[in-house]
Amino acid sequence: MKLALNDSSLLQTQAFINGEWVDGSKGETFAVTNPATGELLANVASVGQAETAQAIDAAEVAMKSWKALPPAKRSEVLECWHGLIIDNIDDLAAIMTIEQGKPLFESKGEVMYGASYLKWFAEEGKRIYGDVLPSTADRRSIVIRQPVGVVAAITPWNFPNAMITRKAAPALAAGCAIVLKPAAETPLSALALAELAKRAGLPNGLFSVLPSADAPAVGGEMTANVKVKKLTFTGSTPVGKLLMKQCADTVKRTSMELGGNAPVIIFDDADIDEAIKGALISKYRNSGQTCICANRLLVQEGIYDAFVEKFAAAVKEFKLGYGFDGDTTHGPVITAKALTDIDTKVRNAVEQGANVVIGGKPSELGHGFYEPTILTNVNDTMSVFREEIFGPVAPVFKFATEEEAISMANDTEFGLAAYVYTQNIGRIWRVSEGIEYGMVGVNETAISSEVIPFGGVKESGQGREGSKYGLEDYLETKYICMGGL
């Protein structure tokens, strides 16, 4: 593996269970490859049902003493973990770029973003409040908040650092233990975080990482094990639905951050340059592989042609390449299958009458690279309207009226994020309230941070991550009645 790190011990290939680096009981491994070249990076230990049960048992034991600690003590450990991540940002970013493909500057940005959740919840964990309710003269009614219990987490490959800390930080701050299965495409980032968590002083068993090529075995134990009280998942809607069904038998709490089909609605009165800037960031960040990226650009007919012309000129300035090259703006998609799926959607749209303004095919760089693409003359019968593209393809749709824009935006089972560009204050309120999404950016597409409640409605999921609301998903409400007073 050609990766020079300042601290080579951050590159781990074993599972992390109960504070120890271990192989799977069957000695099996799976390959992790560089999506830009296809080269083998590492063979990583693949664990199964037995190791998952072992990690859950250890988590239950570790949580007993962890939840009894004063919140300030838990905060100190999370602060230390945060500091170690910042100190090792270059190595963490390099690991992410080589296994995920995103340019190094994006990887560094994600490491900082991921660390921000530890900083935020280290503080927010000190602010878990209860209540004294109005009562009769001879009794008092008290409400307290307690940790939900052992948490199982399953995270995706597109943000292999931040999607872990966004779940682990509130769980640990609330007093829970967490057992994590990272995506098989990007386990190295998760294992590096585990090494830093160990150095930060997280007690053995409190945070375990289970790399695996056998997702049903690990996920099945997580959902069936009665010691797990909550499952949190970020990934596709079909898998989320399956996990929810599996959790029903033991009535687990769930948090689901699922698929998206985000519209960017650009009205005639918008600042067109700002709209283009926002659309470029939202659509093409991480080569279009984000759940809140612009999936559909809805542009009002009065500025449609001007928008497309300026938008295409900006996209032509992109530089596809390897993540470690200094002039690279966009890297590969994650797998050959992902590239094929993207190309199929584009080909189907073209066959149905769509026009390719720029791109429209795999890049000459080969392997996982797909040309940044813009499509026009698209309509709501095409898969690029109905389905999450998850790639660097921007279909630009035309609309006439505000009502039509709202209808087009809502014509999907998803409801994660949406964006609106307009200078009309009345329209801002009408459209923001009229579209069915959990998050709305107005004249802005960079809407995510540790201080906001991230999450969707409809089939985009349930629960919120980040902000004060993100802590609530890891707490149970207990009512205590004190009588005979």
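A short tour of the structure in this document, coming up. Just so we're clear, the structure is a prediction, and the values are computed from it rather than from any experiment. (Residues numbered from 1 in each chain as written. Predicted model: local features only at pLDDT ≥ 70, side-chain atom pairs only at ≥ 80, totals over all residues. Heavy atoms only, no water.)

Description of the sheet that holds strand β6 (residues 140-147)
Here is the rule: Pairing between strands is defined by DSSP: at least two bridges between the two strands are required. A run of DSSP states H or I qualifies as a helix once it reaches four residues; a run of E qualifies as a strand once it reaches two. Both are numbered from the N-terminal end. Between the N-to-C directions of two axes lies an angle of 0 to 180 degrees, each axis being a line fitted to C-alpha atoms and, for a helix, fitted only over the stretch in contact.
Strand order in the open sheet formed by three strands is β5-β6-β20, and the pairing between neighbours is antiparallel. In the strand order of this sheet, the two ends are held by β5 (131-133) and β20 (475-482), each with one partner. Between one strand and the next, the sheet's axes are offset by a mean angle of 25 degrees, whatever the strand orientation. Taken together, the three bridges between β5 and β6 define a ladder with antiparallel strand orientation. Following the sheet pairing, Val 132 is matched in β6 by Ile 142.

Quick look at the side chain of Gln 12
Our working definition: Whenever a nitrogen or oxygen atom comes within 3.5 Å of another N or O atom, the pair is scored as a polar contact, on the condition that within protein one atom can donate a hydrogen and the other can accept it, and that pairs from neighbouring residues in sequence are kept only if both atoms are in side chains. The contact criterion used is simple: two residues touch if any of their non-hydrogen atoms lie within 4.5 Å.
With respect to the helices and strands, Gln 12 occurs in the segment before β1 (15-17). Within the local environment of Gln 12, its side chain forms a polar contact with the backbone oxygen of Ser 9, the two atoms lying 2.7 Å apart. The residues contacting Gln 12, other than those within four sequence positions of it, are Trp 21, Leu 188, Leu 191 and Glu 195.

So, empty space enclosed by the protein
We count it as follows: Method remark: on a 1 Å grid restricted to protein atoms, a set of points is classed as a cavity if a 1.4 Å probe fits but cannot get out and as a pocket if it is open with protein on both sides within 12 Å along at least five of seven lines; lining residues have an atom within 4 Å of a point. Grid points are joined across faces, edges and corners, and a volume is the space filled by probe spheres set on the points. Note that Gly is not counted as nonpolar here; it falls among the polar residues with everything else outside the nonpolar set of Ala, Val, Leu, Ile, Met, Phe, Trp, Tyr, Cys and Pro and the charged set of Asp, Glu, Lys and Arg.
Counted by the stated rule, this structure contains three cavities of 30 Å³ or more. By volume, the largest cavity amounts to about 60 Å³. Taken together, Phe 16, Gly 19, Ala 197, Lys 198, Leu 202, Pro 203, Asn 204, Gly 205 and Phe 207 form the lining of the largest cavity. Across the lining of the largest cavity, the residue classes break down as five nonpolar, three polar and one charged. Roughly 40 Å³ of volume is contained in the second largest cavity. Along the walls of the second largest cavity sit Lys 167, Thr 232, Ser 255, Met 256, Glu 257, Phe 454, Gly 455, Gln 462, Gly 463, Arg 464 and Glu 465, which together make up its complete lining. Examining the composition of the lining of the second largest cavity, we find that three residues originate from one element, strand β11 (residues 253-257), more than from any other.

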